[in-house]
Each structure stands twice: as structure tokens, then as C-alpha cells.
Amino acid sequence: MTALARIATTILDALLPPRCLSCGGAVDRQGGLCVACWSTLTFIAPPLCACCGMPFEFAVAGENPNDLLCGACMAEPPPFARARAVLVYDDGSRPLVLGFKHGDRIHAADSYGTWMARAGADLLAEADLLVPVPLHRWRLLRRRYNQAALLARAVGHRAGVPVVPDLLVRRRSTPSQGGLGRKGRAQNVKGAFRLRAGAKGRVEGKRVVLVDDVLTTGATLAECTRMLLQAGAARVEVLTLARVVKT
């Protein structure tokens with residue numbers, strides 16, 4: 001950190017004392033978490049499914065980690081090549097995700113982007129573009145920001161990968177995915193996305209990383225992936241802040 005940056009940080013901390021991203025309690029630096037909230041988070045680490053990133057409880061002796069697949073990916077491989085996430089979506093991470101998504105805590109994007117750049121380092125090292133999952137214009141108007149686009153910009157800044165925030169368009173407003181099962185979610189988003197007019201040249205032959213806040217069943221990300229592959233993307237991968245883990 002340069003001397004000027006240190007001075008700016010000192011002034012910012014004096015004007016706006018650092019607060020925990022989750023509970024709002026006092027912390028020692030901007031964009032941090034208190035010890036209590038940090039201890040509730042479950043960070044995803046190997047061993048995990050080489051395709052969807054689902055963490056495994058135990059390592060498999062003698063197996064190449066790059067060949068390990070979960071049962072779901074063996075039975076029905078997703079259209080995206082790989083997916084990675086920072087956190088398990090549970091009671092510990094839910095306040096972070098929902099506060100960021102619905103609570104206007106957009107100041108957290110830089111910290112989350114740093115975490116995501118670390119978790120998705122292998123994906124980002126080969127990526128040509130970062131593309132956020134879009135919101136429908138009416139939902140964007142109500143919310144005022146697209147949390148996936150904020151995350152994509154933060155990750156792109158850390159990883160040095162270009163971000164194209166409007167490459168995909170949500171062509172129709174879909175009902176909330178909450179409460180829907182895997183099949184219901186897939187049907188809900190079927191045909192809901194398209195490539196922005198004139199953007200095919202930005203995609204053809206490119207390795208794209210889709211960015212979103214949470215991977216649940218993967219239905220939305222799978223539908224976006226199909227659109228990008230149909231447009232000529234060479235490869236599509238997925239990076240999220242959190243993911244649901246089946247128990």
C-alpha cells in the first residue's frame with residue numbers, strides 16, 4: 001500500500017469506522033468480518049467435484065482430484081465446464097448474501113470480489129471475459145443495482161479480466177426461484193435469456209466465466225451457459241460467492 005493510500009484509508013476509517021460486513025459490529029479494517037461472524041462461515045476447499053465444485057466430505061485416496069465427480073455430474077453433466085464458489089450457503093453466509101443482494105450493502109462487493117478471485121483462480125487464469133447473470137429491467141429498476149454485475153466488476157478488477165455487464169439480457173421477468181425444485185427452476189428460466197443484439201462477436205471463440213451470487217440448483221446458470229455456447233463461446237465456467245450444498 002502506498003503512503004497516499006494509507007493516508008486515505010486512515011481518513012476513511014476516522015469518518016466511517018470499519019464495520020463487520022455481516023453484523024455491523026466494530027472491526028479493525030474496512031471490508032472485514034468480526035471473529036464471531038467469521039467463525040460461522042464455511043469456506044469451500046478441496047476435495048470437491050471437479051465439475052460443479054460440490055465439496056466432498058472425504059478425499060478419495062489414489063484418485064486424481066481433477067477426475068473426481070459428484071453423482072449428479074456423472075448422471076447429468078451441466079452445460080458449463082466448471083463451477084466454483086467461495087462459501088457454503090447456510091445460516092452463516094445467508095446474512096452476507098441477503099444483505100448484499102437486498103439490503104444495499106454494496107460496499108461489500110470489493111471484499112467478496114477478492115474472495116471470489118481467490119476461489120476461482122484456476123478459472124480466471126484462462127478466462128477471456130466475465131459476464132454477470134442479468135436482472136430483468138423491471139427488477140433492476142426496483143433493486144437499483146445488479147448484485148452479480150457488482151461482483152463481476154470486483155472480480156475482474158482483482159483478476160485483470162474484462163467484464164461485459166450487458167452481454168446477456170433477461171428477456172422476460174420470471175417469478176422468484178424460491179420454493180421451486182430443480183425441475184421447476186429449470187422450467188421457470190427456460191428461454192428467459194438472450195444475447196444482446198450485435199454481441200455475438202464478443203463471444204465467439206472466447207472462454208467465458210459467468211458470475212452470480214448463489215448457485216442453488218444451477219438452473220439459471222445452465223440456461224445462461226446454453227445461450228453463450230449457442231453464440232459460439234469456446235467454454236463457459238461459473239463463479240459464485242456461495243453455493244447450496246446438499247446434505
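Residues numbered from 1 in each chain as written. Predicted model: local features only at pLDDT ≥ 70, side-chain atom pairs only at ≥ 80, totals over all residues. Heavy atoms only, no water.

## Things to note about the pattern of salt bridges
For the coordinates displayed, the defined rule picks out nine salt bridges. In this structure, Asp128 engages Arg207 in a salt bridge whose closest nitrogen and oxygen atoms are separated by 3.2 Å. Of this pair, Asp128 sits in the loop between helix H6 (121–125) and strand E2 (129–132) while Arg207 sits in strand E5 (residues 207–215); the two residues are 79 residues apart in sequence, bridging distant segments of the chain. We classify Asp128 as partly exposed; its relative accessible area is 24%. (Salt bridge = Lys/Arg side-chain N within 4 Å of Asp/Glu carboxyl O. Helix = DSSP H or I, 4+ residues; strand = E, 2+ residues; numbered from the N terminus. Buried < 20%, exposed > 50% of the residue type's maximum accessible area, 1.4 Å probe, protein only.)

## Some points on the packing of aromatic side chains
By the definition in use, this model includes five aromatic pairs. Between Trp38 and Trp115, the ring centres sit 6.2 Å apart and the planes meet at 85°, which makes this aromatic pair edge-to-face. Residue Trp38 is found in helix H2 (residues 35–38), and its partner Trp115 is found in helix H5 (residues 109–119); the two are separated by 77 residues along the sequence. Residue class for Trp38 comes out partly exposed when judged on its relative accessible area of 44%. By relative accessible area, Trp115 is classed as buried at 10%. (Phe/Tyr/Trp six-rings, centres within 6.5 Å; stacked < 30°, edge-to-face > 60°.)

## Some details on the pairing of E5
Buried residues dominate E5, accounting for eight of its nine residues. Here four bridges tie E2 to E5, and the two strands are oriented parallel to one another. Across the sheet, the residue bridging to Pro132 is Val211, located in E5. Where E5 meets strand E6 (residues 235–243), eight bridges bridge the pair, whose relative direction is parallel. (Pairing = 2+ DSSP bridges.)

## Describing the packing of H5 against helix H8 (residues 147–159)
Put simply, H5 and H8 touch, their axes get as near as 8 Å, and they point 60° apart. Taken together, H5 and H8 sit at an angle that is classed as oblique. Once H5 is placed against H8, the crossing between them reads as right-handed. Between H5 and H8, the contacting residues are Ala109, Asp110, Tyr112, Gly113, Thr114, Met116 and Ala117 on the first element and Leu150, Leu151, Ala154, Val155 and Arg158 on the second. Residue classes in the contact of H5 with H8 are distributed as eight nonpolar, two polar and two charged. (Axes fitted to C-alpha atoms, helices over the stretch in contact; angles between N-to-C directions. Parallel < 35°, antiparallel > 145°, perpendicular 65-115°, else oblique. Left-handed = near helix turned anticlockwise from the far one by under 90°. Contact = heavy atoms within 4.5 Å. Nonpolar A, V, L, I, M, F, W, Y, C, P; charged D, E, K, R; others polar.)

## Description of helix H11 (residues 219–230)
Because each turn of an α-helix spans 3.6 residues, side chains separated by three or four positions in sequence point in the same direction. Look at H11: 17 Å from first C-alpha to last across twelve residues, which is about the 16 Å you get at 1.5 Å a residue. Burial analysis of H11 places nine of its twelve residues in the buried class, which makes it a mostly covered element. With its phi angle positive at about 105°, Gly232 sits one or two positions after the end of H11. (Expected span 1.5 Å × (residues − 1).)

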